[in-house]
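Given next are the chains, with one letter for each unit.
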Amino acid sequence: MLSKSKLAAAAVVVAAILPLSACGGDPTSGGGTGDASSPAITIGSANFPENQLLAEMYAQALEAKDVTVTRKFNIGARELYLKALKEGSINMIPEYNGAFLAALSPKGEVPEGVTTTEQVDAALKKVVPSGLEILESSPAEDKDTLTVSPETASKYSLKTIDDLKPVASKLVVGAGPEFKTRYQGLVGLDKVYGLKFKSFKALDPGGPLTKAALKNGQIQVANIFSTDSTIETDNLVVLDDPKNLFLAQNVTPVIEKSKVKGDVESTVNAVSAALTTEDLTKYLAEVAVDKKSYDTVAKEFLDDNNLG
């Protein structure tokens, strides 16, 4: 794990991370020569740093196998990049299996009793849109959380999401705009936990705006991703989710079926298998602490795991 000093530096730097389009070189650049058995692939990413880093890892690993890769990173929230997948403007994206299942389920409600990685993947395979498939899920997981400051946790004796019920009407919750209408967001928090907050503040998905608003008191509850190193550096309190609103969220690539040829599947699966939750935290913090580009950090991970 990261040292306290390094994590502390991450907390300072993370708020100043440049927009994704400014990081890691040209996001539309390609590489590799390709061949008849390894099709050209356009890889997309969501609009937050970790997803771009993951997309770059998969892109470089495929390029090392002579697959031609085009990058279309920083597309936006799931609602936007799923449309791009269905339309074919991108062919692959790193997803998070539980969140993806919720997005594809009626009203965002997943089948009862589905919480573990294996259960989520089995359910997901039944609802993946025609023409797409999921590859193997990684051990690496990044979950949505409801997180509060230590002061708020102490003031209201908060340890779990359930504990928010008697005080939610006094608190402002902040997250990316899409959190307001997602089942794994305000909709589910109301239905599963009975939470009705004072108000919702649309910020960014687990990003510097959300964390700054939590720190300065503009919001009291934040949707922050579990691999964010500032949780530790700022002594933030992640509230337990006893009713499993936020399912297993393992990194799970989604790909167009027609692109699963040659070395593509084995290469992508090898990257996923090597990736751990600790890696996600470590390498993402390197981007923030050391100001390395996404492509540099992705190459470092691949080299460290003999995948380049």
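Computed from a predicted structure; not experimentally measured.

What counts and how
- Residues numbered from 1 in each chain as written.
- Predicted model: local features only at pLDDT ≥ 70, side-chain atom pairs only at ≥ 80, totals over all residues.
- Heavy atoms only, no water.
- Phe/Tyr/Trp six-rings, centres within 6.5 Å; stacked < 30°, edge-to-face > 60°.
- Helix = DSSP H or I, 4+ residues; strand = E, 2+ residues; numbered from the N terminus.
- Buried < 20%, exposed > 50% of the residue type's maximum accessible area, 1.4 Å probe, protein only.
- Right-handed = clockwise from strand over helix to strand, strands pointing away.
- Axes fitted to C-alpha atoms, helices over the stretch in contact; angles between N-to-C directions.
- Parallel < 35°, antiparallel > 145°, perpendicular 65-115°, else oblique.
- Left-handed = near helix turned anticlockwise from the far one by under 90°.
- Contact = heavy atoms within 4.5 Å.
- Nonpolar A, V, L, I, M, F, W, Y, C, P; charged D, E, K, R; others polar.
- Core = buried A, V, L, I, M, F, W, Y, C linked by side-chain atoms within 4.5 Å.

Caption draft 1: Main features of the packing of aromatic side chains. Counted by the stated rule, this structure contains three aromatic pairs. With centroids separated by 5.0 Å and ring planes inclined at 45 degrees, the aromatic side chains of F48 and F225 adopt a geometry described as tilted. Here F48 is found in the loop between strand 2 (41–44) and helix 2 (49–63), whereas its partner F225 is found in strand 9 (residues 221–225), with 177 residues between them in sequence. Relative accessible area serves as the criterion here: at 12%, F48 is assigned to the buried category. Cluster of aromatic residues (ring-pair linked, three or more members): F48, Y96 and F225.

Caption draft 2: Seen up close, the pairing of strand 3 (residues 69–72). Of the two faces of strand 3, the one lined by V69 and R71 is fully buried and the one lined by T70 and K72 carries no buried residue. Of the crossover connections in this fold, the one passing from strand 2 over helix 2 to the parallel strand 3 is right-handed.

Caption draft 3: Helix 12 (residues 294–304), seen in detail. By the burial criterion, the buried members of helix 12 are Y294, V297, A298, E300, F301 and L302. At the C-terminal side of helix 12, N306 shows a positive phi close to 55 degrees.

Caption draft 4: Spatial organisation of the packing of helix 2 against helix 10 (residues 264–274). One way to put it is that helix 2 packs onto helix 10 with a least axis distance of 9 Å and a crossing angle of 135 degrees. With respect to their mutual orientation, helix 2 and helix 10 come out oblique. Every pair of crossing elements has a handedness; the one defined by helix 2 and helix 10 is right-handed. Contact residues: helix 2 offers M57, Y58, A61 and L62, while helix 10 offers V264, T267, V268, V271 and S272. Looking at side-chain class alone, the contact of helix 2 with helix 10 contains seven nonpolar, two polar and no charged residues.

Caption draft 5: Region of the structure containing the environment of T42. Tracing the chain through its elements places T42 in strand 2. For T42, a relative accessible area of 15% corresponds to the buried category. Along the sequence, T42 and A59 sit 17 residues apart, while their C-alpha atoms lie 8.9 Å from each other. If we ignore the near neighbours within four places in the chain, the residues touching T42 are T70, K72, S89, I90, N91 and M92.

Caption draft 6: The nonpolar core, seen in detail. By size, the foremost hydrophobic cluster in this structure holds 55 residues, and its most contacted members are I41, I43, M57, L62, M92, V271 and F301. Those residues in contact with V271 that lie beyond four places of it in its chain are M57, Y58, A61, F301, L302 and L307. Core analysis: the second largest hydrophobic core is formed by 23 residues, A175, Y183, L186 and Y193 among them.

So yeah, pure geometry; function would need other evidence.
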